[in-house]
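# Inside the fold
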Amino acid sequence: MSRPVRIGVQLQPQHAPDYGLIRDAVLRAEDAGVDIVFNWDHFYPLTGDPAGAHYECWTMLGAWAEQTERVEFGALVTGGGYRNPDLLADMARTVDRISGGRLILGIGAGWFQRDYTEYGYEFGTAGSRLNLLKDNMSRLTARLRVLSPPPVRDIPILIGGGGERKTLRLVAEYADIWHSFVDVETLAHKNKILAEHAAAVGTDESRIERSVQWQGRAQAEQLRAAGVSLFTIGVSGPDYDLAEVRRAIEWRDEVNPELLEGLA
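Residues numbered from 1 in each chain as written. Predicted model: local features only at pLDDT ≥ 70, side-chain atom pairs only at ≥ 80, totals over all residues. Heavy atoms only, no water.

Per the counting criterion, the structure on display carries twelve aromatic pairs. Where Tyr 44 meets Tyr 119, the ring centres are 6.0 Å apart and the plane angle is 80 degrees; that geometry is what we call edge-to-face. Within this pair, whereas Tyr 44 is found in the loop between strand S2 (36-39) and helix H2 (57-67), its partner Tyr 119 is found in helix H4 (residues 113-119), the two being separated by 75 residues in sequence. When its relative accessible area of 17% is taken as the criterion, Tyr 44 is described as buried. In this structure Tyr 119 comes out as partly exposed when scored by relative accessible area, which is 45%. Seen from their ring centres, Tyr 116 and Phe 123 are 5.2 Å apart, and the 70 degrees between their planes marks the pair as edge-to-face. Both residues of the pair, Tyr 116 and Phe 123, belong to the buried class. Chaining the aromatic ring pairs together yields one cluster made of Phe 43, Tyr 44, Tyr 82, Tyr 116, Tyr 119, Tyr 121 and Phe 123. (Phe/Tyr/Trp six-rings, centres within 6.5 Å; stacked < 30°, edge-to-face > 60°. Helix = DSSP H or I, 4+ residues; strand = E, 2+ residues; numbered from the N terminus. Buried < 20%, exposed > 50% of the residue type's maximum accessible area, 1.4 Å probe, protein only.)

Structural data, given as structure tokens:
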């Protein structure tokens, strides 16, 4: 399935002591022409001063739902073990409704031990966190089907991670978007694994959009040829410099000329 290239920006909610800096970055990103604005679901900074300023993910997404007009938005990604999955489904439905149907529900197994230990969650092992995510995905998707009123649309689910035995199985079963941190060679290998899982659960793997972190224009050209269509640039506070985001948008508009012609 051929897809147009999309550009996302991850506004990492760290080192911005005044929330207004994040609000301004969201506005600048939407005005610049990004397709998706992401944050992340951590409770402490991942880089820089570990005691630096930081904000919570989902309350922020509610604010973005009201603030933005065009972009899709979501978490890259929600920690799968931080919230009751039925509650998370209700939160996602509500935020989707507030935005008029623009939420992407990004989710993963979680990995940052400090989040778990300081907030009282059981860290366990990578395997136990993935098993919990598997159980939670079943509950989350079931809850989304019975909420009243329902989401505006079938909320796209993005699953992050590259584990071949468990994560890619969940991607095959539940995801509309698969986000990974891979080069071209690794992507080709994991695509084969994903296709095997999709066949096992009876889904068409070509319906799943491939998503990676932006690694520069040259690498993006190779990844696009390998089937990736969503590229996301991460930027941190307090400045939220969007210079590289604008370069990625320029490249997107070069490789999606038919979309620009349709707007002429």
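Having seen the structure, we can now continue with the description.
In this section: the environment of Val 184. As for its position among the elements, Val 184 is in helix H7 (residues 184-201). Remark: the alpha-carbon pair of Val 184 and Ala 92, spanning 92 residues in sequence, is separated by 33 Å. Ignoring any residue separated from it by four or fewer positions in sequence, one finds Val 184 in contact with Gln 219, Gln 222, Leu 223 and Ala 226. (Contact = heavy atoms within 4.5 Å.)

Attention now moves to the pattern of salt bridges. Under the criterion given, the structure shown has 17 salt bridges. For Arg 6, the salt bridge goes to Glu 72, with nearest N and O atoms at 2.6 Å. One end of the pair, Arg 6, is in strand S1 (residues 6-12); the other, Glu 72, is in strand S3 (residues 72-75), and 66 residues separate them in sequence. Given the relative accessible area of 15%, Glu 72 is considered buried. Linking Arg 139 and Asp 86 is a salt bridge whose minimum nitrogen-to-oxygen distance equals 2.6 Å. (Salt bridge = Lys/Arg side-chain N within 4 Å of Asp/Glu carboxyl O.)

This next bit is on the side chain of Thr 167. Relative to the elements of secondary structure, Thr 167 occurs in helix H6 (residues 167-174). Assessed through its relative accessible area of 7%, Thr 167 is described here as buried. Non-local contacts of Thr 167, meaning those with residues more than four positions away in its chain, are made with Leu 130, Ile 159, Gly 160, Gly 161 and Gly 162.

On to the packing of helix H1 (residues 19-32) against H2, then. In the contact formed by H1 and H2, the axes pass within 11 Å of each other and the chain directions differ by 45 degrees. Between H1 and H2, the interaxial angle falls into the category oblique. Of the two possible hands of crossing, H1 and H2 adopt the one that is right-handed. Taking contact as the criterion, the partners of Tyr 19, Ile 22, Arg 23, Val 26 and Leu 27 in H1 are, on H2, Met 60, Ala 63, Trp 64 and Gln 67. Looking at side-chain class alone, the contact of H1 with H2 contains seven nonpolar, one polar and one charged residues. (Axes fitted to C-alpha atoms, helices over the stretch in contact; angles between N-to-C directions. Parallel < 35°, antiparallel > 145°, perpendicular 65-115°, else oblique. Left-handed = near helix turned anticlockwise from the far one by under 90°. Nonpolar A, V, L, I, M, F, W, Y, C, P; charged D, E, K, R; others polar.)

The geometry of H2 relative to helix H3 (residues 85-99) is characterised by a closest axis approach of 7 Å and an angle of 20 degrees between their N-to-C directions. One element, H2, and the other, H3, form an angle in the roughly parallel class. Crossing hand, H2 versus H3: right-handed. Of the residues in H3, those touching H2 at Trp 58, Leu 61, Gly 62, Ala 65 and Glu 66 are Leu 88, Met 91, Ala 92, Val 95, Ile 98 and Ser 99. Classifying every residue of the contact of H2 with H3 by side-chain character gives eight nonpolar, two polar and one charged.

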